[in-house]
Amino acid sequence: MAPKGGTFFFLLILACAALAMKPDRRENKQDFKNMARRLMKKCHNKGYQVPPMTLLKSVFDDSDLPMGERNTDHSKNVLSTFIKVLQSVSPVKGSKGRVAFNDMDKMPNKMLNCSDLSNVIKRMRNSSEASKCYLEAFLAPLSLATLNKKSEDNTDSDDYDTLLSAAKLSVLNMPSSRMNLPAKVVGRDKTTKWMKMLQEGYPTMSEKQRRQVVKWAKEQITLNYHNCTTSKSISSKVPMKRCKPSLQWLNSEALTAMGPFLSGLTPKDVDASPKEKLCEFFRLNKFKAHFRLAPKMKPSLGKKLLQRFKECFQEESAEQVDKLGQLSCYYSAPQKMTPDLSRKLLAQLEECDDDENPKIKKLKKNLVNSLMSKSNITQTLGELGISLNSLTAKQLSKIPDPDIKTLLKKLRPKMKWKRRQLRALVKKYLGKKKCNGVSAKELLELRSVAGGLPRCVLKHVRSKDILHDKENLKNMCNGMKKGQLKAMLQGLREDVDPTDLVQNLPDSLLRSVSLQFLAKANISSLDQLKGKVWSRSQAAFLAKRMYNQKKLKFRGLRSVLQGITCKMINEAADTDVQDMAESIEDTPQWLSKVLARCAARKLFRTLEKERDDYFKNITEEEMDDIPTILLLHLPPQKVKDLPDYVCPILLDKMEVANLSSLPLRAPSRAALTLRAVFCMANGTDLSGLTTEDVSKLGPLLCELPPSQLRLMAPDVLKSSLEAMASCQQIPKRHSADLIQLVKQNYGDFSDWSAETMEALGPLLLLDDTTTSALPNKPWMKDVLYFLKSQHQSRSSKALKKKIFDLITNSASNDRRKREVSSDSSTPNAKVPDEETITELKESNFFWSVKQLEQISNETFSNTMEILGDINDFSTEQLKVLGIKAIEALGPVSQMTENNVMMLGCITRGFSNKDVETLPISLDTLGEIAQCGWTESEMAPMWRAVAKYNNLTAQQLGDSEMVTLNQFICGLDSVEIKQLNKDVFMEAVGSLDDIQCSITALQQLKTRAVSAFGSPKHWTEAQVSDLGNIIAGLNGMELASLDPSVFPFLTHTCIPLIPPGILAALSIQQLEAFGPDNADMISSKQRAALRAEQLSALDSAMTGIQDQTTKPVQSGAPSLTAEGILSFLKPLLFLLMGVLLL
């Protein structure tokens, strides 16, 4: 899309100005003042009161120390500095005004006495939570600065420990590129203490921070144990020899010190560990303990560690297997295993993610089946742990009655179950009890298994019997479907005040409360909303209620923030804007792109009222006060105006920014990328950047085009490419050139090692052709499983097909399959067997029709639950599987409801006539709703349900309607008219985004109009609740909607609106769509719009408010970071001259 002439000319000027800049490249580290202030802001945003002066004087006063240890001037200096930092965040009573914040950089140099600082920290510990928050925020960076400047090894051990404990807060809040860890920790004991502190912070660290710690730890270990350095640059002031490549640095102490950071080592690092030391580490079970906190390690590291592990033991034993921990994920179990060995291995496999690696799932299932067949069932059930979910529904139904209650008590809350497994467990537990014969105590005992309860049981639950046990109620609800939650609410709301009920419900149940019931609850203040997570429609309802009652306050909104409208933001008083900004900074996850844009504009307008040219002379403190999520929306001209001295703050913010709130086509992406690059490059090109410089770009690195990456030094380019492998979003236009750049620097991927593929594979997965061409190497399957689990956005059809090919063509499968006659359409045709189907999981849809026809009845019976979970089968494949189902189970008319549950999506393969004879309850119907049903298939399924359950449309209650869900599209026009209006109002908000034909949507819309009134009066909350039904509005009705409701349309609704009806919308309405909804408009819909409407859509997508009404041209280069950066400085001036003629 070609940029408009005026805009393009402006960006040429912007680029020239940026090229001419010479930013102040002052030391760009996390200094004392910035870190102390940012940590204090977190306390302020939590609503904590500043510490009283009496407390501060007692904390910083050293009069209780012996006379010889007192330093009165020092204490006053520290207190004065604390007040100055605090004053920059929150006004302090009795202060003389805001401090000149830039003068504080020198403060830490005046107060680096470890003993004095240690005493202050100890006195601070008895303070209240609020006061301690501010004091810790100040003392953490001060302690770190003190430790970093104390290179000698004569600090008192107790003082050192106190400072190190206080410094932890500062270390964990640093961006990865500026983790200001000591260049050298003198002494092995202190190195161990540092690593212990860092291990404690491991769970909250980002992956980049962990990598930095690994690099730093390796350097400290080599310095203190081997008197050499791994650093490429050696200081001339302190000569130090470089470590030899063969150095075995990973000794026992190093292994223990690294702890969970061991997961960040490379296979080469593991080879640097002496055998006797590594074996000692394994034998003492330290490895398993250290890796318990660590995330899943890379396959190359896991296999290398397993190889070294096996070198330490002569033969496989239960004792050996019990030490495996995460290494069990790469362990090849022997053909024959004793029951004891099987139990031990099964326990270790709990460390592995069997959802992402089907090999693990298959191994677990085999071990469980082996144990169940060879051991005492009661004893085995108690030992299975989370592997209990490897049992089929049929196996679970055979659990002895006396064991079921004991078993349920041992189940872990977050175990993953299939719905049919839950049904089997619940049926076994309840026995022959009727719907109204189950006590509240029995229900609570089910906990997470309650997801298998029939709705009729849940309708009899009463609030007085169950609301008191909040933890068990929460566990119960977390595993329930929407129809079950509605059924439970039906019972709970009968004997309790609406306000009390809403305030006591767990979040998962709360989000099923309808707008009609919520309106009955007397909730109108933030104090009543604390800790609750609301749905978007509920948030919109509550925000509007508080807005109308003039009780809307931005601070503390949390999940209600998602219900705020641009109108509410624009009408906020200037004095409330800071509260709005802080609320957004605390809970950015609730901010949509539309809301972020509106909030940013409001904040910028308010700031510019303070003085002229606000952003041209913004201070570091003011820049730091702008939430990063809003700073991303700063217009390009204002980005260009930012003074050079705020570069460190800008880079700090960009390194940790989340670009997901910024539209892909927003000009701010290009402007921020350009400004950040020139902040680092000092106005020259990219060849002088270091790896550390590039890391400061954060996600903006993902925006850089390959043409600019090529300008980097070779080692910096390689580190940049490896960093880009972690990008959540890379512009599609860059993919081909980026992959080519990877090949030029790392060679053809057919020659890559597993380690290189782990590091750079995510970039190859950007392109389907490249993914399909990956070599069939023995390690490739495990690496792709790993990459798929780490990069969900790259899980393409091409990747699934590649995994399918690797599994079906591997040598390990050849002996389990027999070849069939050659077929040109299936060159490697094999008969699908049980083991292969089990490992393939969702990739089974790549089998050809001919291959599926050859599945034996036995194999089909053993795998139909796996096949029935797949919703990607084609119509032809489903027909074959439907025939297989009849061959294995008999005629459809004779099938049981249990058969239907196991068949799942395969039921789509039956003829419409057969479908109408299925024995299927509403509860079972809910399990197959997401199988991709067409409307012609849904009608006979609805008739089957109605017949089997003796139901009519007018008898449907709210829980029945919600359970029916997608199949409501199967009702005919007469039946839709028969739906109870009040029930429809209660249920509609819990319906998923139903995909009906436009005819059915129009009929449902008619029901919605009768329930909610004329569309021109529909609120944001109602529009959000109605979802895809909005697509059934006619042109006049759609055009009557208030512009403020358009950001609340569900994105799945947009493509369903007929083009002619969409064309009825005004410019203002189209501009209100927001970037996500505007991006959902199809080419057919765009073709029906006028030029000014298309321009309005572009405005919605980019955020540019002054779009012209000229038609959008195609084929010209887009206005992106690449478009700006690709011009050289002389060319820019030349083009400017031409344009000015």
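Each value, and the rule that gives it
Residues numbered from 1 in each chain as written. Predicted model: local features only at pLDDT ≥ 70, side-chain atom pairs only at ≥ 80, totals over all residues. Heavy atoms only, no water. Helix = DSSP H or I, 4+ residues; strand = E, 2+ residues; numbered from the N terminus. Buried < 20%, exposed > 50% of the residue type's maximum accessible area, 1.4 Å probe, protein only. Contact = heavy atoms within 4.5 Å. Areas by Shrake-Rupley, 256 points an atom, 1.4 Å probe, with all protein chains shown as cover. Salt bridge = Lys/Arg side-chain N within 4 Å of Asp/Glu carboxyl O. Phe/Tyr/Trp six-rings, centres within 6.5 Å; stacked < 30°, edge-to-face > 60°. Axes fitted to C-alpha atoms, helices over the stretch in contact; angles between N-to-C directions. Parallel < 35°, antiparallel > 145°, perpendicular 65-115°, else oblique. Left-handed = near helix turned anticlockwise from the far one by under 90°. Expected span 1.5 Å × (residues − 1).

1. Observations concerning the overall build of the protein
Link 1 in the chain: Broken down by element type, the protein carries 68 helices and 0 strands.
Link 2 in the chain: Across the 1141 residues that make up the protein, the buried fraction comes to 56%.
Link 3 in the chain: In the protein, the share of contacts with a sequence separation of at least 24, taken over all contacts with a separation of at least 6, comes to 70%.
Link 4 in the chain: Approximately 49100 Å² of the protein is accessible, and the part contributed by carbon and sulfur atoms is 50%.

2. A word on the pattern of salt bridges
Link 1 in the chain: With the rule as written, the count across this model stands at 61 salt bridges.
Link 2 in the chain: Among the salt bridges present, the one from Lys218 reaches Asp269, with a minimum N-O distance of 3.1 Å. In this pair, Lys218 sits in helix H9 (residues 207–226) while Asp269 sits in helix H11 (residues 267–271), placing the two residues 51 residues apart along the sequence.
Link 3 in the chain: Given the relative accessible area of 25%, Lys218 is considered partly exposed.
Link 4 in the chain: Salt bridges sharing partners connect three or more residues here, namely Arg37, Arg38, Lys41, Glu585, Glu621, Asp624, Asp625 and Asp652.

3. Topic: the packing of aromatic side chains
Link 1 in the chain: Here the structure, examined in full by the defined rule, presents 17 aromatic pairs.
Link 2 in the chain: A ring pair is formed by Phe604 and Phe615, whose centres lie 5.5 Å apart and whose planes are at 90 degrees; its orientation type is edge-to-face. Residue Phe604 is located in helix H33 (residues 593–608), and its partner Phe615 is located in the loop between H33 and helix H34 (620–625); the two are separated by 11 residues in the primary sequence.
Link 3 in the chain: The class for Phe604 is buried, based on a relative accessible area of 5%.
Link 4 in the chain: Given a relative accessible area of 2%, Phe615 falls into the buried group.
Link 5 in the chain: Here the aromatic cluster, defined as three or more aromatic residues joined through ring pairs, consists of Phe32, Phe60, Phe82 and Phe138.

4. Notes on the packing of helix H41 (residues 714–724) against helix H43 (residues 754–764)
Link 1 in the chain: It is the contact of H41 with H43, at a shortest axis distance of 8 Å, that shows an interaxial angle of 70 degrees. When the axes of H41 and H43 are compared, the pair comes out roughly perpendicular. Relative to H43, the crossing made by H41 is left-handed. Along its contact with H41, which presents Leu721, Glu722 and Met724, the element H43 presents Ala759, Leu760 and Leu763.

5. Details of the environment of Lys296
Link 1 in the chain: Take Lys296: it is sitting in the loop between helix H13 (286–290) and helix H14 (299–311).
Link 2 in the chain: Residue classification places Lys296 among the partly exposed positions, given a relative accessible area of 28%.
Link 3 in the chain: Between the C-alpha atom of Lys296 and that of Cys329, which follows or precedes it by 33 residues, the distance is 9.4 Å.
Link 4 in the chain: In contact with Lys296, other than residues within four places in its own chain, are Gln326, Tyr330, Phe786 and Ser789.

6. Focus on helix H2 (residues 32–45)
Residues spaced three or four apart along an α-helix point in a common direction, a consequence of the helix completing one turn every 3.6 residues.
Link 1 in the chain: Across its 14 residues, H2 extends 20 Å between first and last C-alpha, which sits within 8% of the 20 Å expected from 1.5 Å per residue.
Link 2 in the chain: The buried fraction of H2 amounts to 13 of the 14 residues, a majority that puts the element mostly inside the structure.
Link 3 in the chain: The positive-phi residue at the C-terminal boundary of H2 is Gly47, with phi of around 85 degrees.

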